[in-house]
Every structure is written in structure tokens, then in C-alpha cells.
Amino acid sequence: AVMLSGEAASGDFPCEAVRAEAEAALEAESVRDFMKPQMYGDCPPDEGNKPLQEDDKLRKTKVVASLGPSSWSDRMIPEMIAAGTDIFRLNCSHRRDGDFERVYPLIRKTAKAMGRHVECLGDLQGPKFRVGEVEGAPNAYITMNQGDVLEFGLCKDDADLIRPGRITMKPTTEQIALVKACKPGVTLLIEDGIMAVEVIEKCSESELKVKVVRGGHLKARKGVNVPDCEIDCAALTTKDVEDAEFLLRLDPPIEYICVSFAQKGQDLQELIDIMDRLNVPLDKRPKICPKIEKPQAFTNIEGIIEKSQALMVARGDLGVELGLNRVPFAQKLLIQRAKQAGLFVITATQMVESMIKNPVPTRAEVSDIANAVWDGTDAVMLSGEAASGDFPVQAVMAQAAVTREAESVRHRVKQACPYVTVDNQTPLRPPRMLNCEMALKRQEMDHTKRRTKVVASLGPSSWSEEMIPQMMRAGTDIFRLNCSHRRGGDFERVYPLIRK
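This is a predicted model, so every value here is computed, not measured.

A. Representation of helix H6 (residues 238–248) in the model. Taken as a whole, H6 has its buried residues at Asp240, Asp243, Ala244, Glu245, Phe246, Leu247 and Leu248. As for H6, its buried residues are in contact with helix H4 (99–114), strand S4 (119–123), strand S13 (256–259) and helix H7 (265–277).

The structure is reproduced here in C-alpha cells:
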């Protein structure tokens, strides 16, 4: 069983929390038979009381910290290094005003003065897809209701803005390719999947008719994802080429360059071609690190690995395109296959997301980091937590502490994911037949198959006569009556209501 506490008792979305746990458990069960038992049988429970590992010199897992306003000042760089940062990420999405030109030599100078080996990673933005501007006031929006049929197309002119009945995108090279790739049946996800529309008719190469599958309030410049399409456009935009040239001219040379939204090996060849054109010596070339965030990458993973020296499991866009509940299995497959190929693996996105506003991580976040270490990741990454959060130093310290402790018991934990095949070629006596394309399996939707129970704690958000049946329909199997809050006759009222 998995349990909800405040999420169900006092949160704003108790039914949604139940559904989320039920769906995640169901999907995990659907692939559980492919995983190996993780604990050795002779591991006594009292080893949970072992002394905490506090010697950071023993830590092997790297901490990657994204730079931004919270962390790239002259004062913060040495604090971030002292806290445990091993790799600084320069996010080219935010390259402007000379910040990179200032901070890069500062990192090198500070690390040398502190006697620390600190590396740098340049992250190219890649092609981004966004809707255009909304007609009206600066904060205007249109309401999309489920079942509405809308026009969806490229802007015909500067006055062709988003308005009721019509969604538009600017006609950039990448967005022209996106609309061209769409056909009836394709789903477009808007604002990280909060809203979704399905193409029902292709009117022309630049115009679609879509039906709203999941509605909401659409504001200007929200992101668009198209999981079902391999979009025929260059992996590197004009901006990416300029940023890559900047990164490749840095002295001393940068250690890693990430290619976002890599779908095939050719996408990485574009970066190699730039290195060739700039005559970058082989011994000074950065490691190429594709970010796996598109479903198409799993089909073409061997071509991607062939041109890579590192790999990032980029769970943000991957969670949008693949679906949140399929990401954990995909993560295990990617880490295992990349490690078999000798690549340096980074696991990224929302690892300690709560630390953007809080000085300590949640228990779930700690478990997430530890499980990534036990899966075999070489590094764990901080995004907004380090770049724009309120506690960047504490976030680094948290990741360092969790990875250090996870490593100290790794000898007691078996790696869950067995050997991942290469082009369906298996080793002798494989424990299971796995390949990276299995990450694209259909999500399990039949809740009659779910065996893991969902426990929901009762409280003001969930124990009313209206909410109890909704919580049951959402998937609650066990209600928790927390006696810390037994007062006012609430239990006497709610217990018979549950049974009834």
C-alpha cells in the first residue's frame, strides 16, 4: 500500500492525489516482473540504524547545479562549491547580458583557489514550441472547454493572435515543421500537458482543426509538446549554433555540452560538425550529452549512444511526452543501457523541487535521489532549486548528503534493472529480455488489475458526505482515521458514512 497524509486530509486536491497514486502504482505493477528483487535476503533490518555517512571525500556521485540569479554571484559561487557542487550547468536558454562571460572564469578561478576539481556543462536550448500572443490585455487568456472544436495554425500576420475559437503559433522554422508533421489523431499537449487538443482535420500545411480533450485557460507563450511526431527540423536552432560556438571557444575547454530533445544520432552529428568546422582538437572536445526527453529517442537509442559520451535522463519534458507514470521505468532502462555503453549518466528534474521554497527536502525526494544512485546514475542535477530557488546551497548539500548515504549501503542493494539488450541481441543466459523501446509500452489503464492499495488520510478536505464517495471512486482502498485529530464527533460521523 501507498499512503496519502496531508495531501488527502487537508490538501486542495484530495481526489486528484488518490488518482495519481492509484495510476502510478498500477503502471509500476505492469513492469514489476521485469525488475529483480533489490534487497539481499541476509540484510538485517537493524542495519537501518547504521551510522550516517558524513565523509564527503567518499562520495562518487556528482552533484550538478544549474546556475542562475540565486547562485552565480561572486559570493555564491564559492559557497556552492563548498556545499558540494561538482559540475555547474550553464543553461543557454538564459544566456544574455554577459552573465556566462563573467561567471565561467569566476568558476575556474574559484575552484582552483579552493583546490577543488569542478567541471562545467553547457546546455543548448534546442527547438522550443510555443503558442503565440493572446488578443487583448497583457494577462489575457481564452477558455478552452472539453469538446470545443478550434482552429490551430501558424500566424498569417502580426494581427493573427490567439482568440476564442483560434490558437496560433509564430511561423518559425521549427513551428512550421511541427504543424506540417501533425495529422488527424495526433495529440498536442499545451503547458506541460495541463491542456490537450487532438487534431481532427488537416486543412493545409499550416492550418489544423483540433478538438479540446483537456480544457483550461490558455495564456500567451505556453509550451507545446507533440509526443506522437518526429518533427523534421534541425536539432540545433540558429541560437543553438551561436551558443555552441561560444561554448566551444571557452578557455579552458568546457567539459560537457548537452543537446536538447535529441531524437536520433544525426541530431548529435550537427554538434560534431560545428566542432569540425571550428577545428576543435580531439583532446579539447567536450563530452556530448544528449538529453532524452522525446519518445522517439527510445526507438533510436543505439544511434544516439554511438555518438555520445554522456546521457541525461531529462525527466521534465520526458514526463510530458511519455506521461509521468511511465518515466520511472524509462529511467531505469536508460541508466542501465547507458552504463553498459560506458556513458556518464545524469538524472535530472524535480529531484528536490520543494527546496525552491523550503530549506529541507521531502522524504519522497530523498527516496528519489537514493533510488537513482542505486539504479547506477553518475550524477544528480538541480535545476530551479539552484538557479532561482531560495535555498541553493542547502539544495546542493541535500543532494550530496543523500547520494553519499545511498552509496554507503549500495553493497546491500541489488540493481533492479537487468541487462538491457542492444538491437534485440541478448547476452548468454539473460535474466530478462529488456530493451529501451519497452519504455514506449502502452500505459496500463485497467484498474481492476491493481493490487497495491491506496490509503487516504481523512480530514477537512476529504471527510464530508460529498467527498467520501468521490474519494472512493478516485481509487481509495483504505481510509486512515488519524487519532491525533479525533475531536468534535468527526470520527463518530464519518465511520458509519464510510461503511454505508
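What follows continues from the structure just given.
B. Examining the sheet that holds strand S1 (residues 2–4) more closely. Spatially, S1-S18-S19 is the arrangement adopted by the three strands of the open sheet, whose pairing is parallel. The open sheet has two edge strands, S1 and strand S19 (478–480), and neither has a second partner. Geometrically, the sheet is characterised by an average inter-axis angle of 25° between neighbouring strands, direction not taken into account. Both S1 and strand S18 (residues 454–457) contribute to a ladder of three bridges, which runs parallel. Note on S18: the bridge partner recorded for Met3 is Val455. The sheet contacts of helix H2 (residues 14–31) involve S1 and S18, and relative to S1 the element is tilted by about 165°.

C. Highlighting the packing of helix H3 (residues 76–83) against helix H14 (residues 392–408). At a minimum axis separation of 8 Å, H3 and H14 run at an interaxial angle of 15°. What the angle tells us is that H3 and H14 run roughly parallel. The way H3 lies across H14 gives a crossing that is right-handed. Contact with H3, carried on its side by Met76, Glu79, Met80 and Ala83, involves Pro392, Val393, Val396, Met397 and Ala400 of H14 and no other residues of that element. Residue classes in the contact of H3 with H14 are distributed as eight nonpolar, no polar and one charged.

D. Broad picture of the packing of aromatic side chains. Applying the stated rule across the entire model yields three aromatic pairs. Consider the rings of Phe100 and Phe246, whose centres lie 6.5 Å apart with planes at 35°: the pair is tilted. Of this pair, Phe100 sits in helix H4 while Phe246 sits in helix H6, and the two are 146 residues apart along the sequence. Note on accessibility: Phe100 and Phe246 belong to one class, buried. Over the ring of Phe246 we find Arg95, and its NZ or CZ is 4.0 Å from the ring centre.

E. Fine view of the sheet that holds S4. Strand order around the closed barrel formed by eight strands is S2-S3-S4-S13-S14-S15-S16-S17, with parallel pairing between neighbours. Across the sheet, the mean angle from the axis of one strand to that of its neighbour is 25°, orientation sign disregarded. In this sheet, strand S14 (residues 287–292) lies alongside S13 in parallel orientation, the contact comprising four bridges. Along S14, the bridge assignment pairs Cys258 with Cys289.

F. The pattern of salt bridges, seen in detail. Under the defined criterion, the tally for this structure stands at 35 salt bridges. The partner of Arg486 in a salt bridge is Glu492, with the nearest N and O atoms 3.3 Å apart. For Arg486, a relative accessible area of 55% translates into the label exposed. Among the charged side chains, a salt-bridge network with shared partners connects Asp56, Arg59, Asp86, Arg116 and Arg404.

G. Local environment of the state of the cysteines. The full count for this structure, using the stated rule, is zero disulfides. In this model Cys120 remains outside any disulfide bridge; the closest cysteine sulfur is found in Cys92, 12 Å from its own. Classification of Cys120 as buried rests on a relative accessible area of 0%.

H. Quick look at the nonpolar core. In this structure, Phe88, Phe298 and Leu333 are the most contacted members of the largest nonpolar core, which totals 83 residues. By size, the runner-up hydrophobic cluster in this structure holds 32 residues, among which are Leu150, Val186, Ala220 and Ile231.

I. Quick peek at the side chain of Arg108. By the element assignment, Arg108 lies in helix H4. Assessed through its relative accessible area of 16%, Arg108 is described here as buried. The residues contacting Arg108, other than those within four sequence positions of it, are Val118, Glu119, Cys120, Pro252, Pro253, Ile254 and Glu255.

J. Geometry of the environment of Glu242. Along the chain, Glu242 turns up in helix H6. Here Glu242 falls in the partly exposed class, since its relative accessible area comes to 47%. Between the C-alpha atom of Glu242 and that of Thr452, which follows or precedes it by 210 residues, the distance is 50 Å.

K. Region of interest: the pairing of S4. Judged by how many residues are buried, S4 sits mostly within the fold: five of five residues are covered. Of the two faces of S4, the one lined by Glu119, Leu121 and Asp123 and the one lined by Cys120 and Gly122 are each fully buried. Bridge count between strand S3 (residues 87–91) and S4: five bridges; the pairing is parallel. For Asn91, the partnering residue across the bridge sits in S4 and is Asp123.

L. Structural detail: the environment of Ser204. Inspection of the secondary structure assignment puts Ser204 in the loop between strand S9 (195–202) and strand S10 (207–214). On the basis of relative accessibility, which here comes to 30%, the residue Ser204 falls in the partly exposed class. Linking Ser204 and Val179, residues 25 residues apart in sequence, is a C-alpha distance of 9.3 Å. Looking at Ser204, its side chain comes within polar contact range of the main-chain nitrogen of Glu207, at 3.2 Å.

M. Expanded view of the pairing of strand S16 (residues 344–348). For S16, the tally of buried residues reaches five of five residues, placing the bulk of the element in the interior. Of the two faces of S16, both are covered, the one formed by Phe344, Ile346 and Ala348 as well as the one formed by Val345 and Thr347. Bridge analysis of strand S15 (residues 310–314) against S16 gives five bridges, and the strand direction is parallel. Bridge pairing in S16 links Ala314 to Ala348. In this sheet, strand S17 (residues 379–382) lies alongside S16 in parallel orientation, the contact comprising two bridges. Bridge assignment links Ile346 to a residue of S17, and that residue is Ala379.

Quick notes on the rules
- Residues numbered from 1 in each chain as written.
- Predicted model: local features only at pLDDT ≥ 70, side-chain atom pairs only at ≥ 80, totals over all residues.
- Heavy atoms only, no water.
- Buried < 20%, exposed > 50% of the residue type's maximum accessible area, 1.4 Å probe, protein only.
- Helix = DSSP H or I, 4+ residues; strand = E, 2+ residues; numbered from the N terminus.
- Contact = heavy atoms within 4.5 Å.
- Pairing = 2+ DSSP bridges.
- Axes fitted to C-alpha atoms, helices over the stretch in contact; angles between N-to-C directions.
- Parallel < 35°, antiparallel > 145°, perpendicular 65-115°, else oblique.
- Left-handed = near helix turned anticlockwise from the far one by under 90°.
- Nonpolar A, V, L, I, M, F, W, Y, C, P; charged D, E, K, R; others polar.
- Phe/Tyr/Trp six-rings, centres within 6.5 Å; stacked < 30°, edge-to-face > 60°.
- Lys NZ or Arg CZ within 6 Å of the ring centre and 35° of its normal.
- Salt bridge = Lys/Arg side-chain N within 4 Å of Asp/Glu carboxyl O.
- Disulfide = S-S within 2.5 Å.
- Core = buried A, V, L, I, M, F, W, Y, C linked by side-chain atoms within 4.5 Å.
- Polar contact = N/O pair within 3.5 Å; in protein donor to acceptor, adjacent residues only side chain to side chain.

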